[in-house]
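Residue strings, one per chain:
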Amino acid sequence: MNHDPSINQLRRRLRAARAALTPQQQTAAAAQLVVRVITSSFFRSCRRIACYLPNNGEIDPTPLIERLWKMNRQCYLPVLSPLANGRLWFAPVTADTCLAPNRFNIPEPVVPAHTWRRARELDLIFMPLVGFDLHGNRLGMGSGFYDRTLEFLRYRRHWHKPRLVGLAHECQRVETLSPSSWDIPLQTVVTDSAIYQFKSFNPARP
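Report follows, based on the coordinates. Because the structure is predicted, anything quoted here is derived from the model rather than measured. (Residues numbered from 1 in each chain as written. Predicted model: local features only at pLDDT ≥ 70, side-chain atom pairs only at ≥ 80, totals over all residues. Heavy atoms only, no water.)

## Digging into the environment of His135
So, point 1. Tracing the chain through its elements places His135 in the loop between strand 7 (131-132) and strand 8 (138-139).
So, point 2. Overall, the relative accessible area of 47% leaves His135 in the partly exposed class. (Helix = DSSP H or I, 4+ residues; strand = E, 2+ residues; numbered from the N terminus. Buried < 20%, exposed > 50% of the residue type's maximum accessible area, 1.4 Å probe, protein only.)

Here is the structure:
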């Protein structure tokens, strides 16, 4: 976890900015997100797709999840692994799936563990974030769950999946972030008003 005071101050500022959005702005942003995702080129061939449930003002992918179900795409939500410390698995979720809060009070699908998928088995992972820059750097909450889960990408020079896509409000964009050595960069960020593609993506950077 990063305890840099300047980074923590930036987190507080960006979280406050998204928390200041009105319910009407949040609803409109979620609707725009659906349109941008399903019309994007990176989405077309994806079948196994991980999303997340919104927390603390994050842009809401729930309408997107509902659209994915209608398009017969397989949707997954992150679950905390009881065995792999600090890493995520991804559990299938449908409209009828029961959810229960984990130790962070974040709802997770209540489904048999044998149905869970590893990150490497997915086509696309939509990731929450606190901030992002135009180089694909992602500022998370500092717990490092996604970075540890996706650490295997550091040992691959070329691959086709999973594609890493951050979802955010436009107000979460910053000029530049200084990544830590363990940070896994994004290939794409989709906001309510734009799609950002990062050609310099390199998970194996020093």
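Further notes follow.
## Quick word on the pairing of strand 6 (residues 124-127)
So, point 1. On strand 6, burial covers both faces: Leu124 and Phe126 on one face and Ile125 and Met127 on the other are all buried.
So, point 2. Direction of pairing for strand 6 relative to strand 9 (residues 163-168): parallel, over a ladder of 4 bridges. Residue pairing for strand 9: Ile125 is matched across the bridge by Leu164. (Pairing = 2+ DSSP bridges.)

## Brief notes about helix 3 (residues 62-70)
So, point 1. Among all positions in helix 3, only Leu64, Ile65 and Leu68 are buried. Projection of helix 3 onto a plane perpendicular to its axis shows the buried side chains occupying an angular sector of 100°, all on one side.
So, point 2. Buried residues along helix 3 sit in contact with helix 2 (23-38), strand 1 (48-50), strand 2 (74-80) and strand 6.
So, point 3. In the segment just after helix 3, Asn72 is the residue with positive phi, at about 60°. (Arc of directions from axis to C-beta. Contact = heavy atoms within 4.5 Å.)

## Quick notes on the nonpolar core
So, point 1. If you look at the biggest cluster of nonpolar residues, it comprises 46 residues, and the most contacted ones within it are Phe90, Ile125, Phe126 and Leu150.
So, point 2. In this structure, Leu150 is in contact with Ala119, Ile125, Met127, Leu164 and Ile184, ignoring residues within four places of it in sequence.
So, point 3. Membership of the second largest hydrophobic core comes to 7 residues, among which are Ile7, Leu10, Leu139 and Val174. (Core = buried A, V, L, I, M, F, W, Y, C linked by side-chain atoms within 4.5 Å.)

## Description of the sheet that holds strand 9
So, point 1. Pairing is mixed across the open sheet formed by 7 strands, whose spatial order is 3-2-1-6-9-10-11. Strands with a single pairing partner mark the edges of an open sheet, and in this sheet they are strand 3 (88-92) and strand 11 (195-197). Neighbour-to-neighbour, the strand axes of the sheet open up by a mean angle of 25°, direction not taken into account.
So, point 2. Sheet strands touched by helix 2: strand 6, strand 9, strand 10 (188-191) and strand 11. Its angle to strand 10, the strand with the most contacts, is close to 140°. (Axes fitted to C-alpha atoms, helices over the stretch in contact; angles between N-to-C directions.)

## A short note on the pairing of strand 9
So, point 1. Within strand 9, 5 of the 6 residues are buried, which leaves the element mostly enclosed by the surrounding structure.
So, point 2. For strand 9 and strand 10, the ladder comprises 4 bridges, and the chain directions are parallel. What sits directly across from Gly166, in strand 10, is Val189.

## Concerning the packing of aromatic side chains
Aromatic ring pairs are defined here through the distance separating the ring centres and the angle between the ring planes.
So, point 1. Here the structure, examined in full by the defined rule, presents 3 aromatic pairs.
So, point 2. Here the aromatic rings of Trp89 and Trp116 are separated by 6.3 Å at their centres, their planes lie at 55°, and the arrangement is tilted. Taken as a pair, Trp89 in strand 3 and Trp116 in the loop between strand 5 (107-109) and strand 6 lie far apart in primary sequence, 27 residues in all.
So, point 3. Among the residues examined, Trp89 registers a relative accessible area of 21% and is labelled partly exposed.
So, point 4. The class of Trp116 is buried, set by a relative accessible area of 16%.
So, point 5. On the basis of an interplanar angle of 55° and a centroid distance of 5.5 Å, the ring pair of Phe132 and Tyr196 is categorised as tilted. Of this pair, Phe132 sits in strand 7 while Tyr196 sits in strand 11, and the two are 64 residues apart along the sequence.
So, point 6. The exposure class of Phe132 is buried, given its relative accessible area of 0%.
So, point 7. The exposure class assigned to Tyr196 is buried, which follows from its relative accessible area of 15%.
So, point 8. Of note, Arg148 hangs over the ring of Phe145, and the distance from its end group to the ring centre comes to 5.3 Å. (Phe/Tyr/Trp six-rings, centres within 6.5 Å; stacked < 30°, edge-to-face > 60°. Lys NZ or Arg CZ within 6 Å of the ring centre and 35° of its normal.)

## Examining unusual backbone geometry
So, point 1. The residue Asn56 is not glycine, and still its phi comes out positive at about 55°.
So, point 2. Inspection of the secondary structure assignment puts Asn56 in the loop between strand 1 and helix 3.
So, point 3. Positive phi values are uncommon outside glycine, yet Asn72 reaches one of about 60°.
So, point 4. Along the chain, Asn72 falls in the loop between helix 3 and strand 2.

That is the geometry; function is a separate question.
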